[in-house]
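Descriptive structure summary
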Amino acid sequence: MAPTKKLLLILAGGIAMFGAITSAQIPLREVAKMGGPDADGLLPEVQIALVRDGYSPLLEPLNDAIEAELRKLTQDRYHLVFRDDADFSAGWKPDQAAKAVRAALDAPDVDILMLQGMLVLQAVVDGQVELTKPATGAFLQDPDFVGVLTQNNRSAIPNLSFVMTDHSIRKDIERFADLVDFQTLYIAATPAYNQSLPCVTNLFAEIASAHGCDVIFLPLTDDPQTTLNQLPEGAQAIYLFQPQLMEPEEVPDLIKGINAKRVPSYAFWGEPAVRQGVLAGSLPAMDRQLARRTALNLQQIIAGVSPNDLPATFPVEQRLYYNVLTAKEIGYDINYADTYDAILIGAKEAESEGAPLTLTEAIDLALKTNYEFLRQQQTTIQGYESKRLALSPLLPQVSALYSYERIDVTQAQVGVNQGAEGTNNVGVEISQIIYSDERLANYRIQGENYEATTLQEEVSRLDTIQSTATAYIRYLASRTLLDIARDNLGVTRTNLNLARIRAEVGVAGPEEVYRFEAQQASDQASVASAESQMETQAVALNRVLGIDLEKQWQPESLTLESDYFDTTANKVVDLVSSDARYRRFQLFSLQYAMSRSPEVAAVQATTRGQEISLSQKKRSFFVPTASANFQYNYAFARDGQQNIQYVPGAVTPDDDAWALLLQAELPIFEGGSRVFDVIRQKAVVRGLGYTEDLTRQLVQQRTLNALFAMESSYADIRYSAIAADRAQLNLDIVTEKYQAGSVSIVDLLDAQNQAFVQKQNAALSIYSFLEDLVNYMRALTWYEFTASDQQNADWLQQATAFIESEETRVVERQ
């Protein structure tokens, strides 16, 4: 906007921020009567002079907003001219303020003065200049700071009006003192105000007395580093007014420098400053509200209303704003009691400070640390060792022997044990199963059981991938829902401010404010619930991963365009382009799932093992067990030797002894137990057959359920997106109409709730489809995001070939 087109509001004492308006009526009465083109088609001209303390780049955006609002309100019935002449500025020199005001008053074409800043305002308030034209001033400060209001909240200065909030600097400092224990407080403001305005000096003295602390003025220059150099290391607290001399892009550098020194900060201009990195503030963003209020007052003045008949102040809802990231950066511990009604800025970013985690990384981690999968792996090891254990009885068994035998003297004398009362023997025993049908069958059974356990491990692996991907998606969904809930709370707060404006200008009653305050409380509860749900889902994800349940993650966003789902979410959709092709794809999915199901294969392996057992039990009636046993003993020591009377012709005992035993065994009758065992085993085999049939049904059911769910959730994505878009468009229209006063608060609340619900549904529809897609992949025992590109291409080729094959069409027709 050109300099002559700039409209700025008065900024309260270096401190002050944005503005409002006033005007006078007498010079504008004729203009007000016209309110449209004259006989020559020319619009009546209204010139508004911007009289300010000095140029401030931070206030330029507000000028544009006020001008736009005023043009909208006047509906082009006037030719509005905003003048920003060089002699209307005091150039940040206190002794030039009165001169700047007089220059605007003396300009013959100027109709209204806009006083921007404490210097020019104070020149009028102190009586240095008498206003002969209507003038307006607007700034965010305590009304007592000016002290020129009447008892009925009107300006006491003729031809001057204010638009101020009830925001109190003193209460700001009180809140800051509750948050931070300081003995020295730095107050940063524009240098010109501290040099010339007694009200600023008096304010500093009052703060020092009330809080028993030292107050040090810190000049806010046009250079962030120059200002920071004056802030010593170890400073306890700093209260910031708006740095009017700095460029907008330099303000974050100032705030970063303060945070780098770990100094708690509190900003007069509240929420916008906290969003830039200041620790705390209590004033909501007022740009829009003040710009509209200013434009409304200007409209009234142009219409002939006296500036002294316009309300000077209006209330705003003040609450504590906290920057969570700043608190963490400077080591400030936010008290829970302070956050109950506070607005936490940066909470989302703080939640994103965990370690990055992609879907495939989560799956890889789960397959290493998930306790259920680790337990199943141990079961597989048990099965393998059981198989090897079943083999050991079929191999030679070798034992070392030692014995000590003692006999009475009589036996020794007749030659037993070569006449020794005591004998020490060592030896060895070797046994070998020549043939054992039962043990051979058991070895084969354990082999089948081991295969079944390996297949069960594969089932566990597939389930672990499914549960990890599902938990990951649900965690993402909970984060998205939290964002939506926070956004909705922001909309409610915006509408609450709008309702306050409407109530202030008299176009709405206090009941609208109460309704939105009630809605705000409800939305805050929704945000708290969404935060709790997100934390619950984070714990669920960590439980599946088998790690510390309090671990924080920054998950990777997932959409339908993610590479993880390119084949199933995009290429298959193009492949299944008709109902007939979808039915063939359904048949392909069923056959593919059945051919690869580890659940069915595990039951089959178990069945084979039990069939082997049944055959063995039938053969037990006529197949014997054969074994061989060899034993060798050597007497290496004897004691208690007696005189032996050998019998003529008897064999002299030796120290060596051995024996060989060959044995075959066939049980004849065992009380009918073998018959009963065969009957029982037949029932076991039949039961496993039914289990296989049931497992096949369950696999088919799981596949069909996943397909049906995908069909529904995929369609829901489109419809939910349309509903969310239309609900948002409706909310925008209703909000605009509510601003204009053409719809009720009920209509706005209903539109907002509908937009909120539909936005939730749109987000959930995508995550629901992705979850259904994971379930479909589990049914097929094939995961696109863990398979190689070649494996995915092969799967798609198989699906395409099946759908387009003539045999498939024939089967379908039959």
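Please read these numbers as outputs of a predicted model, since none were measured by experiment.

Some details on the sheet that holds strand E18 (residues 625–639)
If you walk across this open sheet you meet the 4 strands as E15-E16-E18-E19, and the pairing is antiparallel. With one partner strand each, in any of the chains shown, strand E15 (397–406) and strand E19 (656–665) form the two edges of the open sheet. Ignoring strand direction, the axes of neighbouring strands in this sheet form an average angle of 20°.

Regarding the pattern of salt bridges
One pass over the structure, following the stated rule, counts 27 salt bridges. Here Asp566 makes a salt bridge to Lys571, at a shortest N to O gap of 3.3 Å. Taking the relative accessible area as the measure of exposure, Asp566 reaches 29% and is therefore partly exposed. Of the residues examined, Lys571 reaches a relative accessible area of 38% and is grouped as partly exposed. A salt bridge links Glu804 to Arg581; its shortest N-O distance comes to 3.5 Å. Note that Glu804 is positioned in helix H25 (residues 789–804) and Arg581 in helix H21 (residues 579–596), a separation of 223 residues in sequence. Residue classification places Glu804 among the partly exposed positions, given a relative accessible area of 40%. Ionic contacts of the salt-bridge type, sharing partners, join the residues Asp463, Glu599, Arg702 and Arg778 into one network.

Re the packing of aromatic side chains
Going through the model one piece at a time under the given rule, you end up with 23 aromatic pairs. Ring plane angle 35° and centroid distance 6.4 Å describe the contact between Phe585 and Phe588, whose orientation is recorded as tilted. Residue Phe585 and its partner Phe588 are both found in helix H21; the two are separated by 3 residues, about one turn of the helix. Here Phe585 falls in the buried class, since its relative accessible area comes to 3%. A relative accessible area of 5% places Phe588 in the buried class. Ring plane angle 35° and centroid distance 6.0 Å describe the contact between Phe585 and Tyr776, whose orientation is recorded as tilted. On the criterion of sequence distance, the pair formed by Phe585 in helix H21 and Tyr776 in helix H24 (residues 745–780) is long-range, its members being 191 residues apart. In this structure Tyr776 comes out as buried when scored by relative accessible area, which is 1%. A connected cluster of aromatic rings, assembled from ring pairs, spans Phe585, Phe588, Tyr592, Tyr776, Trp782, Trp795 and Phe802. In this structure, Lys551 is placed above the aromatic ring of Trp553, and the distance from its NZ or CZ to the ring centre is 5.2 Å.

The rules we used
- Residues numbered from 1 in each chain as written.
- Predicted model: local features only at pLDDT ≥ 70, side-chain atom pairs only at ≥ 80, totals over all residues.
- Heavy atoms only, no water.
- Pairing = 2+ DSSP bridges.
- Helix = DSSP H or I, 4+ residues; strand = E, 2+ residues; numbered from the N terminus.
- Axes fitted to C-alpha atoms, helices over the stretch in contact; angles between N-to-C directions.
- Salt bridge = Lys/Arg side-chain N within 4 Å of Asp/Glu carboxyl O.
- Buried < 20%, exposed > 50% of the residue type's maximum accessible area, 1.4 Å probe, protein only.
- Phe/Tyr/Trp six-rings, centres within 6.5 Å; stacked < 30°, edge-to-face > 60°.
- Lys NZ or Arg CZ within 6 Å of the ring centre and 35° of its normal.

No statement about biological role is implied by the geometric values presented.
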